[in-house]
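Here are the chains, one letter per residue:
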Amino acid sequence: MVKCVYDVQERCRSVGGDAAGNVTEMIGKLTQTPRVVSSMVPAGKVTDSVLTEAAALQPGDILIDGGNSPYSESVRQLECLFSISCNR
């Protein structure tokens, strides 16, 4: 299993694995398919930023959203991800 870490605040880089400079780079470093990405970010703009960079994921990859967005935001974010995957 390949482990790669991206942390905006650079606090989690000590958990091991390969550090990445952004979400897109992190996804690119994951070579085993399907790639599994776990996102733990606060609600708001940073979540939208992660979703934008999640466009680097391919059909069959798995994105686990463990953030704390309100339900209505989660629905909007899911629709965004569906639009990305349906346009491939």
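Throughout, residues of each chain are indexed from 1 in the direction in which the sequence is written. Residues qualify for local features only when their pLDDT is at least 70, as the model is predicted, and side-chain atom pairs are given and counted only at 80 or more; totals for whole chains, interfaces and linings, by contrast, use all residues. Only heavy atoms go into the side-chain values, all of them from the structure, while hydrogens and water stay out.

Caption draft 1: Expanded view of the pattern of salt bridges. Salt bridges are defined as contacts in which a side-chain nitrogen from Lys or Arg sits within 4 Å of a carboxyl oxygen from Asp or Glu. Taken as a whole and assessed by the stated rule, the structure comprises four salt bridges. As a salt-bridge pair, aspartate 61 and arginine 35 come within 2.8 Å of each other at their nearest N and O atoms. Placement of aspartate 61 in the loop between helix H2 (45-53) and strand E4 (62-65) and of arginine 35 in the loop between helix H1 (23-29) and strand E3 (36-39) is noted, with a sequence separation of 26 residues between them. Here arginine 35 falls in the buried class, since its relative accessible area comes to 12%. Put simply, glutamate 73 and arginine 76 hold a salt bridge, and the shortest N to O gap is 2.8 Å. With a gap of three residues between them, glutamate 73 and arginine 76 both fall in helix H3 (residues 71-86), about one helical turn apart. The secondary structure listing takes helices from DSSP runs of H or I that are at least 4 residues long and strands from runs of E that are at least 2 residues long, numbered from the N terminus. Only protein chains enter the accessibility calculation, which uses a 1.4 Å probe; a residue is then buried when its area is under 20% of its type maximum, exposed when over 50%, and partly exposed in between.

Caption draft 2: Up close: the side chain of serine 39. Along the chain, serine 39 falls in strand E3. Under the relative-accessibility criterion, serine 39 is labelled buried at 10%. Filtering out sequence-adjacent residues up to four positions away, serine 39 remains in contact with Val50, Leu63, Ile64, Asp65, Gly66 and Gly67. Working rule for contacts: check all heavy atoms of both residues, and any pair within 4.5 Å makes them a contact.

Caption draft 3: Just empty space enclosed by the protein, in detail. Throughout, the protein atoms alone are placed on a 1 Å grid, and a set of points is a cavity if a 1.4 Å probe fits but cannot get out or a pocket if it is open with protein on both sides within 12 Å along at least five of seven lines; lining residues have an atom within 4 Å of a point. Grid points are joined across faces, edges and corners, and a volume is the space filled by probe spheres set on the points. Going through the model one piece at a time under the given rule, you end up with one cavity of 30 Å³ or more. As a volume, the largest cavity reaches approximately 40 Å³. Lining the largest cavity we find Ser39, Val41, Thr47, Val50, Leu51, Leu63 and Asp65. Sorting elements by how many residues they give to the lining of the largest cavity places H2 first, with three residues.

Caption draft 4: Structural view of the environment of alanine 43. Turning to its location among the elements, alanine 43 is positioned in the loop between E3 and H2. A sequence separation of 30 residues divides alanine 43 from glutamate 73, and the C-alpha atoms of the two residues are 8.5 Å apart. Excluding its chain neighbours within four sequence positions, the residues that come into contact with alanine 43 are Asn68, Ser69 and Pro70.

Caption draft 5: Broad picture of H2. Listed in full, the buried residues belonging to H2 are Thr47, Val50, Leu51 and Glu53. On an axial view of H2, the arc spanned by its buried residues comes to 165 degrees, and they lie on one face. Turned more than 90 degrees away from the buried face of H2, the exposed residues are Lys45 and Thr52. Directions pointing from the helix axis toward each C-beta atom define the arc.

Caption draft 6: The nonpolar core, seen in detail. Of all hydrophobic cores here, the largest spans ten residues; its members are Ala20, Val23, Met26, Ile27, Leu30, Val37, Val41, Val50, Ala54 and Leu57. If you tally residues by element for this core, the top one is H1, at three residues. Setting aside its immediate chain neighbours within four residues, valine 23 contacts Tyr6, Val50 and Glu53. We call a set of buried residues a nonpolar core when its members are Ala, Val, Leu, Ile, Met, Phe, Trp, Tyr or Cys and they connect through side-chain atoms within 4.5 Å of each other.

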